[in-house]
Amino acid sequence: MEKEELNQLVLDKLTKVCLCKGISRATMKKAIIGGADTLEKVQKATGAGSGSCHGNRCTPKIEELLRAAKENQMKLE
Ligand code: FES
């Protein structure tokens, strides 16, 4: 693994996408790579969106990750 990829992986693990549930960007990416290709599927796979804000904060971030994945811009590992 190259240094840039390693840095990205560390950042993904540290960055919380769903603050209410403490779910990292790495977990979101794993779900998307595993086949969750809609907001609802990512939420079901990760538990995101079920916190006290009811997804108000994490939904736009998940949609952005899905958009990036569809455009093949997501680093897969
Ligand atoms: S940030 Fe995800 S439910 Fe609140």
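Scroll up to find the structure.
Rules used throughout
- Residues numbered from 1 in each chain as written.
- Predicted model: local features only at pLDDT ≥ 70, side-chain atom pairs only at ≥ 80, totals over all residues.
- Heavy atoms only, no water.
- Salt bridge = Lys/Arg side-chain N within 4 Å of Asp/Glu carboxyl O.
- Helix = DSSP H or I, 4+ residues; strand = E, 2+ residues; numbered from the N terminus.
- Buried < 20%, exposed > 50% of the residue type's maximum accessible area, 1.4 Å probe, protein only.

> Quick question: what am I supposed to make of the pattern of salt bridges here?
A side chain of one charge can pair with a side chain of the opposite charge if their charged atoms are brought near each other. The full count for this structure, using the stated rule, is 4 salt bridges. The closest approach of N and O atoms between R25 and D12, which form a salt bridge, is 2.5 Å. With a gap of 13 residues between them, R25 in helix α2 (residues 25–33) and D12 in helix α1 (residues 3–14) connect regions that are remote in the sequence. The class for D12 is buried, based on a relative accessible area of 4%. With a closest N to O distance of 2.7 Å, K29 and D12 form a salt bridge. Highlighted residues: K29 in helix α2 and D12 in helix α1, separated in sequence by 17 residues. Each member of the pair K29 and D12 is classed as buried. Each of D12, R25 and K29 takes part in salt bridges that share partners, so that together they form one network.

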